[in-house]
Amino acid sequence: MADVETLRVIHIDAAGGVIAVEDYPGNASAVALPLRRVIGDALRLDTRGLILSHNHPGGDPQPSAADRAATSLLARVAAALGIRVHDHLIRGGGRCVSFRQLGLL
């Protein structure tokens with residue numbers, strides 16, 4: 001597992017195909033969700049859906065308050081533009097947690 005948090009954003013087209021994958025490095029304890037850049041890329045690519053994924057190097061894949069807030073904000077902004085955030089996955093300690101399965105999306 002990486003020793004720094006890294007955010008991966010997968011852009012999906014109207015047919016459900018992957019059209020782009022962007023990685024954003026963070027540090028040992030956090031990674032920022034660059035809202036303006038993600039939305040700008042989504043508009044440029046005509047993205048219809050997004051899947052986010054990041055790791056927790058400490059091992060606990062449970063979403064932090066910051067993870068929840070940033071994902072909620074992105075989902076609201078994206079929805080207003082006709083873009084669906086399908087899921088946000090967090091990996092850590094050999095496990096993976098899904099925001100969708102937790103009822104957070």
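The structure we're discussing is the one just above.
All values reported here derive from a predicted model rather than from experimental measurement.

1. Regarding the overall build of the chain
Of regular secondary structure, the chain possesses two helices and five strands. Rg of the C-alpha trace for the chain: 13 Å, near the compact-globule value of 13 Å for 105 residues, within the 12% margin. For the chain, the C-alpha atoms occupy an extent of roughly 35 × 25 × 20 Å along the three principal directions. Sorting the 105 residues of the chain into buried and exposed places 36% on the buried side. Sequence separation of 24 or more characterises 64% of the internal contacts of the chain that already satisfy a separation of 6 or more. Each charge class in the chain can be summarised by its mean position, and for the 11 positive and 10 negative side chains these summaries are 5 Å apart.

2. Side note on the pattern of salt bridges
One pass over the full model with this rule turns up three salt bridges. Residues R8 and D23 are paired through a salt bridge, measuring 2.7 Å at the closest nitrogen-oxygen approach. Taken together, the residues span a long stretch of sequence, with R8 in strand β1 (residues 6–12) and D23 in strand β2 (residues 18–25) at a distance of 15 residues. Linking R44 and D41 is a salt bridge whose minimum nitrogen-to-oxygen distance equals 3.4 Å. Of this pair, R44 and D41 both sit in helix α1 (residues 35–45), three residues apart, roughly one helical turn.

3. Concerning the environment of V97
With respect to the element layout, V97 can be found in strand β5 (residues 95–98). C-alpha of V97 to C-alpha of G26: the two residues are 71 residues apart in sequence and 19 Å apart in space. For V97, the residues in contact, after removing those within four places along its chain, are P61, Q62, P63, H88, L89, I90 and L102.

4. Re the packing of α1 against helix α2 (residues 65–80)
Helix-helix packing: each pair is described by the crossing angle between the helix axes and the interaxial distance. Axis separation between α1 and α2 bottoms out at 11 Å; the angle between their running directions is 30°. Taken as axis vectors, α1 and α2 run roughly parallel relative to one another. Viewed along their axes, α1 and α2 form a crossing whose handedness is right-handed. Contacts between α1 and α2 pair L35, V38 and I39 from the former with L73, L74, V77 and A78 from the latter. Of the residues assigned to the contact of α1 with α2, the class counts are seven nonpolar, no polar and no charged.

The rules behind these values
Residues numbered from 1 in each chain as written. Predicted model: local features only at pLDDT ≥ 70, side-chain atom pairs only at ≥ 80, totals over all residues. Heavy atoms only, no water. Helix = DSSP H or I, 4+ residues; strand = E, 2+ residues; numbered from the N terminus. Rg over C-alpha atoms; globule rule 2.2 N^0.38 Å. Buried < 20%, exposed > 50% of the residue type's maximum accessible area, 1.4 Å probe, protein only. Contact = heavy atoms within 4.5 Å. Lys, Arg positive; Asp, Glu negative; His and termini not counted. Charge placed at Lys NZ, Arg CZ, Asp CG, Glu CD. Salt bridge = Lys/Arg side-chain N within 4 Å of Asp/Glu carboxyl O. Axes fitted to C-alpha atoms, helices over the stretch in contact; angles between N-to-C directions. Parallel < 35°, antiparallel > 145°, perpendicular 65-115°, else oblique. Left-handed = near helix turned anticlockwise from the far one by under 90°. Nonpolar A, V, L, I, M, F, W, Y, C, P; charged D, E, K, R; others polar.

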